[in-house]
Amino acid sequence: MAKISFFTGVGLVALSGILFTMERFLAVYLYVGESSAVKINGSGSYDPLSMPSIFDNFYVVFLLV
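None of the values given here were measured: they were computed from a predicted structure.

Undergrad: Which parts of the structure should I look at to understand the overall build of the protein chain?
TA: From N to C terminus, the protein chain includes 2 helices and 0 strands. Counting across all 65 residues of the protein chain, residues that qualify as buried make up 5%. Looking at the protein chain as shown, the accessible area adds up to about 5800 Å², and 74% of this sits on carbon and sulfur atoms.

Undergrad: Teacher, can you tell me more about the packing of aromatic side chains here?
TA: A complete count under the given rule lists 2 aromatic pairs for this structure. Taking the centre distance of 5.4 Å and the plane angle of 65° together, the rings of F6 and F7 count as edge-to-face. Here the two residues F6 and F7 agree in accessibility, since each one is exposed. Ring centres of F25 and Y29 lie 6.3 Å apart, and the angle between their planes is 20°; this geometry places the pair in the stacked category.

Undergrad: Got a minute to help me understand a nonpolar patch on the surface in this structure?
TA: Together, L12, L15, I18, L19 and M22 make up a nonpolar patch on the protein surface, roughly 500 Å² of accessible area in all. The residue I18 is located in helix α1 (residues 2-41) in this model. Assessed through its relative accessible area of 49%, I18 is described here as partly exposed.

Thresholds applied
- Residues numbered from 1 in each chain as written.
- Predicted model: local features only at pLDDT ≥ 70, side-chain atom pairs only at ≥ 80, totals over all residues.
- Heavy atoms only, no water.
- Helix = DSSP H or I, 4+ residues; strand = E, 2+ residues; numbered from the N terminus.
- Buried < 20%, exposed > 50% of the residue type's maximum accessible area, 1.4 Å probe, protein only.
- Areas by Shrake-Rupley, 256 points an atom, 1.4 Å probe, with all protein chains shown as cover.
- Phe/Tyr/Trp six-rings, centres within 6.5 Å; stacked < 30°, edge-to-face > 60°.
- Patch = residues over 30% accessible without salt bridge, like charges linked within 9 Å, V, L, I, M, F, W, Y side chains within 5 Å.
- Salt bridge = Lys/Arg side-chain N within 4 Å of Asp/Glu carboxyl O.

Here is the structure:
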């Protein structure tokens, strides 16, 4: 029983790392997509976009507490 709990815990920690990495990748992808479209357009109206920080997600703060 202890082995099942251990491997389940390791698997869930690995899954949370994968989900966090995917979230970060999508945030960077959307950031680059939005900022490069403004640069290509050349309209001169560039509003700097802000990357989301790690603490923007409610669940990160909740789970750290």
